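Structural characterization, general
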Amino acid sequence: MHVRTSVRRQGDREYRYVQVVQSYRREKDGMPAHRVVGNLGNLGEKETEVLRKAFRAMRTGADVVVVDDGVRKATGKPVLANLRYLDVAAGLLEWERLGLGDWLDNSVAGEAEVAPSKVVAALTLQRCVAPGSKLKATRWFPKTALPELLGVTQRQFNNTRIHRVMAALETSEKEFQQQVCAHLRDLEAGVCQTLFLDLTDVWFEGDGPTAAKMRLTKEGLYRKKVGVALMCNEKGYPLRWQVVEGNRGDAECMWEVINDSLDYDWFADAPLVMDRAMSTGKHVASLARNGIRFLTAIPVTEFESYTTQIPHAAFSDFLGGAPASNVQKATKKAAQLAVKQGMQAVSQRDCVMDLAEVEIGTENDQTLMEGNHEKAGDTEPEKLTVGLALALRMRTALQSGAAVNYRDAGRQVGLTYKQTLLRMKLLKLAPDIQESVARGEAENLSMRALLRLSGQEDWEQQRQDYKDLLEEGRVQPRQRTGGDRTQTYLPPEKTIPLLVRLVLHFNAEQFVEERNGAHKQLAAVHDFIRELNERLAKPHNRRNENSILGEVTARLRRETLTKTFTVRLDQVTIGTKQRYQVHLQRNESDWARRRRYDGFNLFVAHQQLPHTPEAFLQLYRAKDKVEKAFQTIKSQLEIRPVRHFTDPKVRAHVTICMLALLLERRLEESLKKTSMPITAEAAVEILESCHLNRHPPELLGLPSYSVTRPDNGQAKLLALLDMEQLVDDEAVAEAITPR
């Protein structure tokens, strides 16, 4: 049943009739119809609406409550302030459960008036729920319930005290990071099962500190920036972080974090997963030599330095002629082809193969060069006899096939590619000069002097210049710091192989995308040439040869295809005019070389890691834990732009952001175990609307407080987090200090 209002007009008058109508089906034909159950006459709009609500409640099974008009009026005490409460209270309770406050108060210099832990807690919570500058924190603080919850007045939470506590926090940063790890291990078992290491950058408003350098950021912006290295665990908890100068390389910064972590027991056994910044031969050898249980991915350019077992030849003609129109079908076929090559399918798109262990050098060879890789200059760390001996060993490896290229040969003796090229130039010296160097007769000469000699093709001129250098003593004996190094270093007769594990991964979906992308790239280049030729054929075109070749070369360089195409410029007759036309000829061998490793990834790991190939793949993909951590501190926690102008304040600011990240990850881990696995950001949004209301003073001149009644979502979330006491009036009254 429902209420219907009918309106009739007679002349200038209007008559309203309210009726109760029931729906039914006619017996004769089953068609729906209405019948009037009762005529209620001319009711007012208010009474009519009440009837409609009553019938609506009856249909839905809801209860009807009669409310007196007096209840609609505002009653109770006036509210002096509506303070942000439930989200900051939940964050503060999580901070207290973390248990870092006592250590901060005992170890960080502070004052008796306000404990340092309270200032750090307030700054961390601000970064979680309302990120802003430290100056904004002083204005945000009194609008929240933190003065009541922390027992800190607005006057006490001032800009001077904030920066004083931040400076003290920075001086204890390393000890504090160690304490964070210790607390996490006490709170959760197995907190360091896997470690992830990566680097990002943050930029500044204004000039920034001395560590800030004008460089391109990860997003391609030219800004004053510093680097932030972060090591986190499998749950995204930040364990180690470090601020580095903005002009330093990723690998160098990562090594600093690794070296600082070597003494900690939690670092010893956990696999350390890193991106390709640490995948060059020099870094892989150092990681293996130091016993670090690492996992990283090798860049495509170094695949052949590690293995020749990649079955890329089977895929050379797959999608070689045209792009795939049905990507899903092509992906399935590519995965099936990988299985035929002996790979193991672990999903519809992923196949893996264990390539077992490979030797990347020897323990003793590494010690010849350890810690002394210098730039090409007047000096080299080892004796020239050793440099020549290494060059001879690398040439032997190349000639015998034990090394596939210079990079591989250098990696086997612990040299970087640049150092390999320098030492191989020594083999361009005349044979008798090489024998003299091997006898140690050239030890007073510099590497630069010998390299200058090797650049001369005339051996007779080499011999004369070499004799002049030895007799005239133009180059003084090289002085080195760090003790007496005058003894002769000889390659050891017995060496210990330095081994790593290799795992091959084929991603069929990635393969199809790369092949399709290659076809699109070729099509774009040919379209460019076609349009260019059309412009060159126009009657009024006056382009010269250099101008045309410059435009084509610039386009090929932008596409990184300068070695793939040979450009030919022909003159043809169009009408009565001679016009230039551009023709491209593809270097098929270079194009095949570019495409041979489409879809393939090569993982290298410490020899003793016991994981299966599938587990290696999952471990490396889990590296997005640290990438998501960077996304969180950049977006939600707003670590940038940084508004500090001294290096210590910047480091303290990063520490505050890392603590905020830790609180959020801890909250999310707690929610994952419940029926409400939401993000910390979503949890803050749910809790934000529940405020603490401050009322006028009553007894003893102190204000009274009341908590906004939580809605169903807030009550459920608090129950799941075991935080119901935050909305219990008696518990709140005991916990707060009236301002």
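Everything discussed here concerns the structure shown above.
The following refers to the structure shown. (Residues numbered from 1 in each chain as written. Predicted model: local features only at pLDDT ≥ 70, side-chain atom pairs only at ≥ 80, totals over all residues. Heavy atoms only, no water.)

This part covers the pairing of strand β8 (residues 238-244). Along β8, seven of the seven residues are buried, which leaves the element largely enclosed by surrounding structure. Count of turn residues in the strand β7 (residues 222-233)/β8 antiparallel hairpin: four residues, of which Gly236 carries a positive phi of about 85°. (Buried < 20%, exposed > 50% of the residue type's maximum accessible area, 1.4 Å probe, protein only. Helix = DSSP H or I, 4+ residues; strand = E, 2+ residues; numbered from the N terminus. Pairing = 2+ DSSP bridges.)

Glancing now at the side chain of Thr200. Within the secondary structure, Thr200 sits in strand β5 (residues 195-203). Within the structure, the side chain of Thr200 is placed 2.5 Å from the side chain of Lys634, a separation counted as a polar contact. Residues in contact with Thr200, not counting those within four places in the same chain, are Lys218, Val226, Gly227, Val228, Phe630 and Lys634. (Polar contact = N/O pair within 3.5 Å; in protein donor to acceptor, adjacent residues only side chain to side chain. Contact = heavy atoms within 4.5 Å.)

Two elements in contact, helix α27 (residues 680-687) and helix α28 (residues 712-720), have axes whose closest approach is 9 Å; the angle formed by their N-to-C orientations is 130°. With respect to α28, the axis of α27 lies oblique. Here α27 and α28 pass one another in a crossing that is left-handed. Along the contact surface, α27 presents Ala683, Ile686 and Leu687, while α28 presents Gly713, Gln714, Leu717 and Leu718. Partitioning the contact of α27 with α28 into residue classes produces five nonpolar, two polar and no charged. (Axes fitted to C-alpha atoms, helices over the stretch in contact; angles between N-to-C directions. Parallel < 35°, antiparallel > 145°, perpendicular 65-115°, else oblique. Left-handed = near helix turned anticlockwise from the far one by under 90°. Nonpolar A, V, L, I, M, F, W, Y, C, P; charged D, E, K, R; others polar.)

Residues Asp728, Asp729, Glu730 and Glu734 make up a contiguous surface patch of negative charge. Within the secondary structure layout, Asp728 lies in the loop between α28 and α29 (729-735). (Patch = residues over 30% accessible without salt bridge, like charges linked within 9 Å, V, L, I, M, F, W, Y side chains within 5 Å. Areas by Shrake-Rupley, 256 points an atom, 1.4 Å probe, with all protein chains shown as cover. Salt bridge = Lys/Arg side-chain N within 4 Å of Asp/Glu carboxyl O. Lys, Arg positive; Asp, Glu negative; His and termini not counted. Charge placed at Lys NZ, Arg CZ, Asp CG, Glu CD.)

Here three strands make up an open sheet; going across it, the order is β1-β2-β3 and the pairing antiparallel. Each end of this open sheet is capped by a strand with a single partner; those strands are β1 (2-10) and β3 (32-41). On average, each strand axis in the sheet is tilted by 40° relative to the strand beside it, whichever way the strands run. Sheet topology note: the strand β2 (residues 13-25)/β3 ladder contains eight bridges and is antiparallel. Looking at the pairing, Gln22 lines up with Arg35 of β3.

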